[in-house]
Amino acid sequence: MSRLSRRRRRLPEAWRRPLAVVGGVIALTWLIVAVAAPLLAPYDPLAQELPRLAPPGPDHWFGTDQLGRDIFSRVLYGARVSIPLTLLLVVLSVLIGGLLGACAGYFGRWVDETVMRFADLVFAFPTVILAMVVAAALGASLTNAVLAVLVVAWPSYARVTRGLVMGMREREFVLSGRLLGFSAWRSLRLDVLPNVTGPILVLATLDIGTALLLLSGLSFLGLGAKPPSPEWGAMVSSGVEVFDSWWVATFPGLAILTVVLAFNFLGDTLRDALDPRTARAIKVRAL
Amino acid sequence: MTLLTVDDLVVEHRTPGRPAVRAVAGAGLTVSSGEVVGLVGESGCGKSTLARAVCGLVPATSGNITFQGGPVRPLGLRRRHRSLLGIQMVFQDPYSSLNPRRKIGAQIADGLAVAGDTTTTPADLLERVGLPRGFEGRHPHEFSGGQRQRIAIARALAARPALLIGDEPISALDASAQAKVATLMRELAVSSGAGLLFISHDLSVVRIIADRIAVMYLGKIVETGPTAEVWANPRHPYTKALLGAIPAADGAGHLPAELAGDVPDPADPPGGCRFHPRCPVAMDVCRAKEPDFTPVACWLHEPA
Ligand SMILES: Nc1ncnc2c1ncn2[C@@H]1O[C@H](COP(=O)(O)OP(=O)(O)O)[C@@H](O)[C@H]1O
Ligand SMILES: [Mg+2]
């Protein structure tokens, strides 16, 4: 038996499904594009020296926009704007929401009351509207758009982590640790948190797509990235102004779509690899 | 020397929107150093709740629990009080009694840290519970249920407890492992001078390892006595029924058909003697008044 086939046999069932493979390939491609954009892009994404609104062709695969910029190059560079920010956003939501939720679930009482009140407050509003209001209140900039999405994204992590921690807290090995004199913090750090990270990472993967959509949505509405920046949402927005030149809005839109789909496929796969009970626990999501 | 005294203990489980369940309803019990006490009774009679109260994992509603002369206070969010670290417990489910994400050596070392023991190593303890040295670096999923219970016992013993509690530590194991793990627990506890409170619904195992038996029914201890004596001459009708059921014990903690009826709901126990609806020899007084005496809580055995 060759080494390759043995390794393939060990891959969990869920990972061998076509959607998982497609999602993985697309996500990986975008990550490479984000890193290598300067090497891959044929033109400067900001230079305005090309013919304006040229349709897609051999010189400009995705055409040019109304200021004479190469859209293919701008889409590639856009990966450097959107993907790192989205990942940062999700990591921060996991840390903030996860930590607050873990404390709420473990310590209960007023900690729980306080954290969950704030989470419920956020849940009470439609996500997109609340993100818009927060972004508008902070002032239109990409950083503020990230903050706005963070405000609406953390509660779902808090809620899920809280539930998982409350279930874990009663487990016998956690009790054994407490009987051996573990402080609450030590118990949380050593016994509880390492056993709830799996489902939370799945939730985070599922959320990458949604967070990107929300972030570029804010830019589309003029509440995020500002014009010369090759941010995908802002590019779609400017493409809408020149509706007849369909390529201006379509290609950045497709970029958003593929990233969102890829991470949803990946997240679904990861979720199916979890046991059914935990999978159900993280299905309750707000975003 | 009396190590643990449980006196008239009441423990209620409260769930919002439901009546409180009085899982332990005035139970009394003592365990001495070097003594093995077997606590037996059908499932649902309150054995685990009693054990958890003794560890401080659930608060007592009323009554007293005294360990080495001091009161047992319920464990909150603070660290467990030093004076209570001498009570350690081995739980029922081998698949949730160890942290799946930590090496077993590290988990045993947590116990050693409690005792401030720097000379013994986790490997020594593995050896003591009959596992090979050199397994410290493994994770729990690499072990069988019986092996996991041995590891849990090693971790508890590492803390050098004065009182070890086993809450049905063998009931999830297969028959061949049950007696082995039970006798191991007895040997290790007794040789270290600790008291052992061994909970089980399986009388045949308790008979092998316990010096004294306490029979629990619906939150109360209905009979206590030296194992041989209770075995040869059971006095409470419930103990008689339990002993009569042994050959046919189904392992699930339910009595076979000889004893009619199910365990009543502890949220709504029968008046008078709690056993009277199922008792083959119930009298008028049994329906009217609760027999509140030791060592046999039965009107047939009222002390003179
Ligand atoms: N956390 C809890 N909340 C509500 N009721 C409980 C809880 N734990 C146990 N009970 C109830 O208390 C009674 C005694 O349970 P337990 O102490 O687990 O019995 P045993 O260990 O003898 O099987 C049962 O009726 C059980 O349903
Ligand atoms: Mg039990």
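Each value, and the rule that gives it
- Residues numbered from 1 in each chain as written.
- Chains lettered and ligands numbered in written order.
- Predicted model: local features only at pLDDT ≥ 70, side-chain atom pairs only at ≥ 80, totals over all residues.
- Heavy atoms only, no water.
- UniProt positions renumbered as here; feature names shortened; annotations may be inferred.
- Helix = DSSP H or I, 4+ residues; strand = E, 2+ residues; numbered from the N terminus.
- Contact = heavy atoms within 4.5 Å.
- Near = heavy atom within 4 Å.
- Polar contact = N/O pair within 3.5 Å; in protein donor to acceptor, adjacent residues only side chain to side chain.
- Areas by Shrake-Rupley, 256 points an atom, 1.4 Å probe, with all protein chains shown as cover.
- Nonpolar A, V, L, I, M, F, W, Y, C, P; charged D, E, K, R; others polar.
- Phe/Tyr/Trp six-rings, centres within 6.5 Å; stacked < 30°, edge-to-face > 60°.
- Buried < 20%, exposed > 50% of the residue type's maximum accessible area, 1.4 Å probe, protein only.
- Lys NZ or Arg CZ within 6 Å of the ring centre and 35° of its normal.
- Pairing = 2+ DSSP bridges.
- Axes fitted to C-alpha atoms, helices over the stretch in contact; angles between N-to-C directions.
- Salt bridge = Lys/Arg side-chain N within 4 Å of Asp/Glu carboxyl O.

- Naming follows an unreviewed UniProt entry, where chain B appears as ABC transporter ATP-binding protein of Sinosporangium siamense.
- Under the UniProt heading Sequence similarities (unreviewed entry), the note attached to chain B is "Belongs to the ABC transporter superfamily."

- In the annotation of an unreviewed UniProt entry, the entry for chain A reads Cytochrome c550, and the organism field reads Sinosporangium siamense.
- Listed under Sequence similarities (unreviewed entry) in UniProt, the entry text for chain A is "Belongs to the binding-protein-dependent transport system permease family."
- What the UniProt record of chain A gives under Subcellular location (unreviewed entry) is the line "Cell membrane".

1. Observations concerning the UniProt feature "domain: ABC transporter" (unreviewed entry) in chain B
Consideration 1: Under the UniProt annotation, the feature "domain: ABC transporter" (unreviewed entry) is placed at residues 4-243 of chain B.
Consideration 2: The straight-line gap between the two end C-alpha atoms of residues 4-243 of chain B is 27 Å; of that span, 33% is helix and 26% is strand.

2. Here's the deal with the environment of A:Gly68
Residues and elements named next belong to chain A.
Consideration 1: Structurally, Gly-68 can be placed in the loop between helix 2 (18-40) and helix 3 (71-107).
Consideration 2: Separated by 79 residues in sequence, Gly-68 and Leu-147 have C-alpha atoms that sit 32 Å apart.
Consideration 3: Residue contacts for Gly-68: discarding those within four places in its chain leaves Ala-47, Gln-48, Glu-49, Leu-50, Pro-51 and Arg-52.

3. A few points about the UniProt feature "domain: ABC transmembrane type-1" (unreviewed entry) in chain A
Consideration 1: Taken from the UniProt record, the annotation "domain: ABC transmembrane type-1" (unreviewed entry) applies to residues 83-267 of chain A.
Consideration 2: Structurally, residues 83-267 of chain A comprises 82% helix and 0% strand, and the distance from its first C-alpha atom to its last is 16 Å.

4. Here we look at the site of ligand 1
All names here are of chain B.
Consideration 1: Residues in close proximity to ligand 1 total 13 residues, the closest being Gly-44, Gly-46, Lys-47, Ser-48 and Thr-49.
Consideration 2: Within the backbone of Lys-47, one N or O atom sits 2.9 Å away from an oxygen atom of ligand 1.
Consideration 3: Interatomic distance of 2.6 Å between a side-chain N/O atom of Ser-48 and an oxygen atom of ligand 1.
Consideration 4: Compared with its free state, where it exposes 560 Å², ligand 1 has 62% of that area covered by protein.
Consideration 5: Residue assignment for the shell around ligand 1 shows that the elements contributing at least two residues are strand 2 (21-32) and helix 1 (47-55).
Consideration 6: Here the element with the most residues in the shell around ligand 1 is helix 1; it accounts for three residues.
Consideration 7: Broken down by class, the residue content of the shell around ligand 1 amounts to four nonpolar, seven polar and two charged.

5. Considerations on the packing of aromatic side chains
Consideration 1: Here the structure, examined in full by the defined rule, presents 13 aromatic pairs over all chains.
Consideration 2: Aromatic pair A:Trp61 and A:Phe72: ring centres 5.1 Å apart, planes at 50°, arrangement tilted. With A:Trp61 in the loop between helix 2 and helix 3 and A:Phe72 in helix 3, this residue pair connects regions lying 11 residues apart in the sequence.
Consideration 3: Here A:Trp61 falls in the exposed class, since its relative accessible area comes to 56%.
Consideration 4: An aromatic cluster is defined as three or more aromatic residues linked by ring pairs; in this entry it consists of A:Trp61, A:Phe62, A:Phe72, A:Trp246, A:Trp247 and A:Phe251.
Consideration 5: For the cation-ring pair, B:Arg138 lies above B:Phe135, with the distance from its terminal atom to the ring centre recorded as 4.1 Å.

6. Quick notes on the sheet that holds strand 3 (residues 36-40) of chain B
All names here are of chain B.
Consideration 1: Spatial strand order, 6-7-8-3-9-10: six strands in an open sheet with mixed pairing. Whereas interior strands pair on both sides, the edge strands pair on one side only; in this sheet they are strand 6 (87-90) and strand 10 (220-226). Within this sheet the neighbouring strands show an average axis-to-axis angle of 20°, counted without direction.
Consideration 2: Where strand 3 lies against strand 8 (residues 195-200), five bridges are found, and the strand directions are parallel. Bridge assignment links Gly-38 to a residue of strand 8, and that residue is Phe-198.
Consideration 3: Across the sheet, helix 4 (residues 145-158) touches strand 6 and strand 7 (163-167), and the angle it forms with strand 6 is around 175°.

7. Considerations on the interface of chain B and chain A
Consideration 1: The interface of chain B with chain A comprises 28 residues on the first partner and 20 residues on the second.
Consideration 2: Put simply, chain B and chain A have two salt bridges between them.
Consideration 3: Here A:Arg186 ties to B:Asp110 by a salt bridge, and the two come within 3.4 Å at their closest N and O atoms.
Consideration 4: Linking chain B to chain A there are 14 residue pairs in polar contact (both at pLDDT 80 or more).
Consideration 5: The element best represented in the side of chain B that touches chain A is helix 2 (residues 104-115) of chain B, accounting for three residues.
Consideration 6: Of the residues assigned to the side of chain B that touches chain A, the class counts are 12 nonpolar, seven polar and nine charged.

8. Here we look at the sheet that holds strand 5 (residues 70-71) of chain B
Residues and elements named next belong to chain B.
Consideration 1: Reading across the sheet, the four strands line up as 2-1-4-5 and stay open at both edges, with antiparallel pairing between neighbours. On the outer flanks of this sheet lie strand 2 and strand 5, each paired with one strand and no other.
Consideration 2: The pairing of strand 4 (residues 62-67) with strand 5 spans two bridges and is antiparallel. Looking at the pairing, Thr-66 lines up with Pro-71 of strand 5.
Consideration 3: The strands touched by helix 1 within the sheet are strand 1 (2-13), strand 2 and strand 4, with strand 1 carrying the most contacts at an inclination of about 120°.

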